[in-house]
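# Remarks on the overall topology
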Amino acid sequence: MENTNPFHYEGELSWCPGCGDFQILKSVEKALTSLNKKPSEVVLVSGIGQAAKLPHYMKANGFNGLHGRALPPAFGIKSFNRDLTVLVTTGDGDCYGEGGNHLIHAIRRNIDITVIVHNNQVYGLTKGQASPTSEVGMVTKTQPFGVVSLPFNPIAFAIAMDTPFVARSYSKDIDFTADLIKQGIETKGFALIDILQPCVSFNKINTYQWYSQRAYKLDNNYDPTNRVKAFEKSLEWGDKIPIGVIYRSQRQTYDETLDRLGIKPQVNSQPDLSKVKSLLSEF
Amino acid sequence: MSFDISIKIAGQAGQGIQSIAEILLKVLKLNGLHVFAYQDYMSRVRGGHNFMQVRISDSPVYSIKEDCNILVALDTNSVDVHRNEVPKGGAIIYDPHSTMVDSPDNRFIPIPMNNLAKEVGSPILSNTISAGSILALLDINKMDAEEFVKKQFAKKGEEVIEKNLKALERGYLYFLENFRSWKFTDIKAQKNNKLIMINGSEAVGFGAIAGGCQFIAAYPMSPSTGVFTYITGKAKEFNIISEQAEDEIAAINMALGASFSGARAMTTTSGGGLSLMAEGLSLAGVMEAPVVVVNAQRPGPATGLATRTGQEDLEYVLHIGHGEFPRFVFAPGHPEEAFYTTIHAFNLSDKYQVPAFILIDQYFADTYATAKEFDLNKVKAISSQPSAFSNDYKRYQITKSGVSPRAYPMQGDFTFIADSHEHTENGHITEDGEVRNKMVEKRFRKLKGMQKEFGKPTYYYGDKLVPSSFKKGKAKTVFLAWGSNYGVVRETVDYLKKQKRSVAMLHFNRIYPFPRKEAIAFLKGAKEIITVENNYQGQFGNILKAETGIEVDGKILKYDGRPFTVEYILKRI
Ligand SMILES: Cc1ncc(C[n+]2csc(CCOP(=O)(O)OP(=O)(O)O)c2C)c(N)n1
Ligand code: SF4
Ligand SMILES: [Mg+2]
């Protein structure tokens, strides 16, 4: 592994001191560095939220779009230029709430991207409302009587969708997270990595202490290719929370389909005029 | 114009109206005749009442007529609904075994289409039988029709060709054997007149391909789907990525992603879908991402009249997307113009890095018209993206023209960010008031250049189209039209000219940036300005007033979901 970090960004970061997002940023840089990626061949795509600010805090290409809408542009970016390494850095609200529908269909398409969800079980940027992964009973200013809706289980969902790579991590373990991100990037097809990320300002329930007590690494005997076992594992949430690669599978990627069809448009290329002319005879 | 014939083919959905029309239209086109065809259909796959209107002439035709010379009634209801539209001397073709007619007069021509079809092999051939009879009635050479049938069914094999040829002949001869004395009109083929026949959707789709479209994401919605399917049908051949998105929000955001990667990207939709795209369009505005958006209008609000026509989204498209940002809005008047406009839209969206809207409508999308072969050398796909950058590249560099050099990833060793927030020249989030002002002003500086680009209004003054330099000989009454009303207003002008009235049409193909100078020059001195629009409020008239201070004197409006006719306009002058 190289000891220099070409992804380092010199400017100011506006996250709260102690936020788990700093750790995830480090993990992403580490993963990309260990894969010898160049900043110019990487695109970080995000929506809006604290997590979604990450593209501004790294030296790489970035597409910082709309809240909930990171996955559709990521599809457009990657399908058009399949030589790019495309990472989506998103929040639990961004990815599972506002943009939930896109997640279903992005997995179905199986475009070759890696989606990193900073799951802090709260809306950080908008100052502490419940998110789709907040615990039942969590009291916020918009849920004064406590959250009633059942939390979304991204891991079980992703397994049900037969996602090629499904993992969970805990932001505090930077090396472990970096390794999962690296595996996600190396996976052909869609990779979902849900990262437990303490929000020190607004989530007083799911704190460092809370996660540290519960998170445990899956051991070597665990077989992530067994879908039924993986599903069973995905339901484990409470006193013990498994982290690591929970599910793996293989199927044709969107990229491969385009390759097979020979569809690979080039920037600034002109349409073939003689071919265009031949269309006239069809009218 | 030595002849001008209108045909209506009416029946239920699923009865083959389109198959009959297709044979008819293509054979007429091969004969060098001008045709114009519009389909009026209900939002259902089977049953209901639908009809196709076909107008034929030896000179170009631009609109439909309310009455028809020939009615082909495929069911009893069609006879009841349309028989009064056929004047004396006209023809009503029907199948006496399936269609009940009360007191048929000498307009009625019974052709036992079903029985004849069974005779030659199968009831599904009855459409070809009808086409044969109509062609005989029009006195079109049978051999031309046969040649077409051979081509049309070539892919389906010898047997299908054989059967259809038989059916065509049977229909043709049955008419001659039984109604030979029926002299309809003299139609002279003009074989050396090389024409193409294209509908509005195909013209936009074809224009997109010629304009270098490389990426399309869309969600199906009438009446926009035709453009999407046309392009997708050619995607492999022309190296285009085409994806059906999960919704219109995804569609526009996918297109913006592709645009970021350097693609010429587009999306197609109709009103409801456009509403879902609003935030994405605003993103295109701040990111300065080129994207072409085709909005095929239908009457709203909400689901409105799903399969019918309207021009209700004009003001919406001028303002859609929160915040302020420049855009192009085009509204082509006929298929040929739509083809060139779409190529321009791609080039200009790319050059100024703004969204470009193309406004069409159901009437425009589904209308077939003949046209001279498009000149593919007239407008070409031209990219304005520079080819090299230094390593201190700034995506949002402040420039005099307002346009910053646009790069795509991996074009060099540099990196850049496209950002939804207000940003610095480097694309990073900023809340600095001064930077903010500079960025807003930079984005709006583009308008100066945009104003000078393609899209001057067309002044139509009788037989000739007058270019924008036109100064003299202005008409007293000027009709304003935009988008699909080009044809019907043009024919209204032709009609009134014959009555020695001083009239003209001013048609707007580009609505934003508004061609203010030209509008004022053309309208100065007019005694009466009348706007003709498919909406309730006369939206274009309002925009004209806001942009130029000129107030219209009259509005001829229609919002029943059906297109204008010359007759309709004349009644309201
Ligand atoms: C369309 C839209 N709706 C709402 C918002 C306001 N908003 C911004 S971020 C956010 C929630 C962010 O939560 P999450 O994705 O979990 O990110 P976090 O800040 O917790 O990292 C909301 C509601 C917005 N920017 N756009
Ligand atoms: S609000 Fe929470 S998630 Fe956002 S930066 Fe602060 S600690 Fe991190
Ligand atoms: Mg969150």
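What you see is a predicted model; the values in this text were computed from it and never measured. The residue numbers shown here count from 1 along each chain, following its written sequence. Written order decides the labels, with chains lettered from A and ligands numbered from 1. Predicted model: local features are reported for residues with pLDDT of at least 70 only, side-chain atom pairs are reported and counted for 80 or more only, and whole-chain, interface and lining totals are derived from all residues. Each side-chain value is worked out from all heavy atoms of the structure, with water and hydrogens disregarded.

### Describing the side chain of Gln385 of chain B
Residues and elements named next belong to chain B. Stated formally: Only DSSP runs of H or I reaching four residues or more are called helices, and only runs of E reaching two or more are called strands; each is numbered from the N terminus. Residue burial is assigned from relative accessible area. The probe radius is 1.4 Å, only protein chains are included, and a residue is buried under 20% of its type maximum, exposed over 50%, and partly exposed in between. Whenever a nitrogen or oxygen atom comes within 3.5 Å of another N or O atom, the pair is scored as a polar contact, on the condition that within protein one atom can donate a hydrogen and the other can accept it, and that pairs from neighbouring residues in sequence are kept only if both atoms are in side chains.
Checked against the element boundaries, Gln385 lands in the loop between strand E14 (368-372) and strand E15 (417-419). According to the relative accessible area criterion, Gln385 is buried, its value standing at 9%. Among the polar contacts listed, one links the side chain of Gln385 to the side chain of Arg406, at a separation of 3.0 Å.

### Considering the site of ligand 1
Condition: The criterion for a residue being near a molecule or strand is simple. One of its heavy atoms has to lie within 4 Å of it. Method for areas: the Shrake-Rupley scheme with a 1.4 Å probe, in which residue coverage is limited to the protein chains shown. Three residue categories are used. Nonpolar comprises Ala, Val, Leu, Ile, Met, Phe, Trp, Tyr, Cys and Pro, charged comprises Asp, Glu, Lys and Arg, and polar comprises the others, including Gly.
In the vicinity of ligand 1, 17 residues are found, and the nearest of them are Gln50, Asp92, Gly93, Asp94 and Gly124 of chain A. More than a single chain frames ligand 1: its nearby residues are located in chains A and B. Within the backbone of Asp94 of chain A, a nitrogen or oxygen atom sits 2.7 Å from an oxygen atom of ligand 1. Contact between ligand 1 and Val122 of chain A: an oxygen atom at 3.0 Å from a main-chain N or O atom of the residue. Protein contacts shield 78% of the accessible area of ligand 1, which totals 590 Å² for the unbound molecule. Of the residues that constitute the shell around ligand 1, the class distribution is five nonpolar, eight polar and four charged.

### Focus on the interface of chain B and chain A
What counts is decided by this rule: Contacts are assigned to residue pairs that have any heavy atoms within 4.5 Å of one another. Two parts placed together each lose some accessible area under a 1.4 Å probe, and adding up what both lose gives the buried area. For this document, the term salt bridge refers to a Lys or Arg side-chain nitrogen within 4 Å of an Asp or Glu carboxyl oxygen.
Of the residues lining the interface, 68 residues belong to chain B; the matching set on chain A comes to 56 residues. When the two sides are added together, the surface that chain B and chain A hide from each other amounts to roughly 5,100 Å², 62% of it contributed by carbon and sulfur. Three residues stand out in chain B for area buried against chain A, namely Ile241, Glu246 and Met410 of chain B, and they jointly supply 12% of the buried area on that side. Our enumeration of links across chain B and chain A arrives at four salt bridges. Linking Arg109 of chain A and Glu243 of chain B is a salt bridge whose minimum nitrogen-to-oxygen distance equals 2.5 Å.

### Points about the packing of aromatic side chains
To be explicit about the condition: We call Phe, Tyr and Trp rings a pair once their centres come within 6.5 Å, taking the six-membered ring for Trp, and we label the pair stacked below 30 degrees between planes, edge-to-face above 60, and tilted otherwise. In this scheme, Lys NZ or Arg CZ marks a charge over a ring once it lies within 6 Å of the ring centre and within 35 degrees of the ring normal.
Evaluated as defined, the whole model comprises 39 aromatic pairs over all chains. A centroid spacing of 4.8 Å and a plane angle of 90 degrees characterise the contact between Trp15 of chain A and Tyr57 of chain A, whose relative ring orientation is edge-to-face. Pair noted here: Trp15 of chain A is in the segment before helix H1 (20-34) and Tyr57 of chain A is in the loop between strand E1 (42-46) and strand E2 (61-64), with a separation of 42 residues, a long-range link. Note on accessibility: Trp15 of chain A and Tyr57 of chain A belong to one class, buried. Summarising the aromatic geometry, the rings of Tyr459 of chain B and Tyr461 of chain B are spaced 6.2 Å apart at their centres and angled 20 degrees between planes, so their arrangement reads as stacked. Here the two residues Tyr459 of chain B and Tyr461 of chain B agree in accessibility, since each one is buried. Put simply, the rings of Phe63 of chain A together with Phe260, Phe389, Tyr393, Phe414 and Phe416 of chain B touch in pairs and so form one group of aromatic residues. The lysine or arginine in question, Arg109 of chain A, covers the ring of Phe75 of chain A, its NZ or CZ lying 5.4 Å from the ring centre. For Lys275 of chain A, the ring lying beneath its charged end belongs to Phe238 of chain B, and the centroid distance is 5.9 Å.

### Thoughts on the sheet that holds strand E8 (residues 241-248) of chain A
Applicable threshold: Strands were regarded as paired on the criterion that DSSP finds at least two bridges between them. Fitted lines through C-alpha atoms give the axes, limited to the stretch in contact for helices. The angle between two N-to-C directions lies from 0 to 180 degrees.
On the basis of which strands lie adjacent, the open sheet formed by nine strands has the order E7(A)-E8(A)-E5(A)-E6(A)-E4(A)-E3(A)-E1(A)-E2(A)-E15(B) and mixed pairing. Each edge of the open sheet is held by one strand with a lone partner, namely strand E7 (215-217) of chain A together with E15 of chain B. Averaged over all pairs of adjacent strands, the angle between their axes in this sheet comes to 20 degrees, without regard to strand direction. Along the sheet, helix H2 (residues 71-80) of chain A makes contact with E1, E2, strand E3 (85-91) and strand E4 (114-119) of chain A, crossing E3 of chain A at roughly 175 degrees. Sheet contacts for helix H6 (residues 174-186) of chain A: E3, E4, strand E5 (165-170), strand E6 (191-196), E7 and E8 of chain A; angle to E5 of chain A, the most-contacted strand, approximately 165 degrees.

### Regarding the domain arrangement of chain B
Residues and elements named next belong to chain B. Note the following rule: Domain segmentation is taken from an automatic or database assignment of domains.
Domain annotation of chain B identifies domain 1 (4-179), domain 2 (197-372), domain 3 (388-454) and domain 4 (458-572). Taken together, the 10 residues of domain 1 in the interface contact 13 residues of domain 4. Summing both partners gives a buried area of about 840 Å² for domain 1 against domain 4, and 49% of it is carried by carbon and sulfur. Contact with domain 4 buries area across many residues of domain 1, yet Tyr62, Ile64 and Glu66 alone supply 62% of it, more than any other trio.

### Overview of helix H12 (residues 335-352) of chain B
Residue and element names in this part refer to chain B. Selection rule: The span one expects for a helix is its residue count, reduced by one, times 1.5 Å.
Here H12 contains 18 residues, and its C-alpha end-to-end distance of 25 Å stays within 8% of the 26 Å for a straight helix at 1.5 Å per residue. Taking burial as the measure, the 18 residues of H12 include 16 buried ones, the bulk of the element. After H12 finishes, the residue Gln353 shows a positive phi value of roughly 55 degrees.

### Points about the confidence of the model for chain B
Defined as follows: On a scale of 0 to 100, pLDDT captures the predictor's confidence in every residue.
In this model, chain B carries a mean pLDDT of 94, and residues with pLDDT of at least 70 account for 98%. Confidence estimates for the predicted assembly give a pTM of 0.96 and an ipTM of 0.98.

### Structural notes on unusual backbone geometry
Residue and element names in this part refer to chain B. Of note, the bond from Ser222 into Pro223 is cis; its omega dihedral lies within 30 degrees of zero at -5 degrees. Here Pro223 lies in the loop between strand E8 (215-218) and helix H8 (225-233). A cis amide bond links Tyr512 with the next residue in sequence, Pro513, at an omega value of -5 degrees. Examined against the element boundaries, Pro513 turns out to sit in the loop between strand E20 (510-512) and helix H16 (516-523). The backbone of Met410 shows a phi angle near 75 degrees, a positive value even though the residue is not glycine. Take Met410: it is sitting in the loop between E14 and E15.

### Quick word on the pattern of salt bridges
Counted by the stated rule, this structure contains 35 salt bridges over all chains. The salt bridge involving Lys264 of chain A is made with Asp83 of chain A; its shortest N-O contact spans 3.8 Å. In this pair, Lys264 of chain A sits in the loop between helix H9 (254-261) and helix H10 (273-280) while Asp83 of chain A sits in the loop between H2 and E3, placing the two residues 181 residues apart along the sequence. Among the residues examined, Lys264 of chain A registers a relative accessible area of 32% and is labelled partly exposed. Between Glu282 of chain A and Lys234 of chain B there is a salt bridge, and its shortest N-O distance comes to 2.6 Å. Here the residue Glu282 of chain A occupies a position in the segment after H10, and Lys234 of chain B occupies one in the loop between H8 and strand E9 (241-244), the pair thus bridging two chains. The partly exposed category is assigned to Glu282 of chain A, whose relative accessible area is 45%. According to the relative accessible area criterion, Lys234 of chain B is buried, its value standing at 13%. When salt bridges that share partners are traced, they join Asp4, Arg55, Lys65 and Glu491 of chain B into one network.

### Section: the sheet that holds strand E3 (residues 47-57) of chain B
Residue and element names in this part refer to chain B. Ordered in space as E6-E5-E4-E1-E3-E2-E14-E7, the eight strands form an open sheet in which the pairing is mixed. Looking at the sheet topology across the chains shown, the edges are occupied by strand E6 (108-110) and strand E7 (195-199). Across the sheet, the mean angle from the axis of one strand to that of its neighbour is 20 degrees, orientation sign disregarded. Here four bridges tie strand E1 (residues 4-13) to strand E4 (residues 70-73), and the two strands are oriented parallel to one another. The residue bridging Ile7 from the neighbouring strand is Ile70, located in E4.

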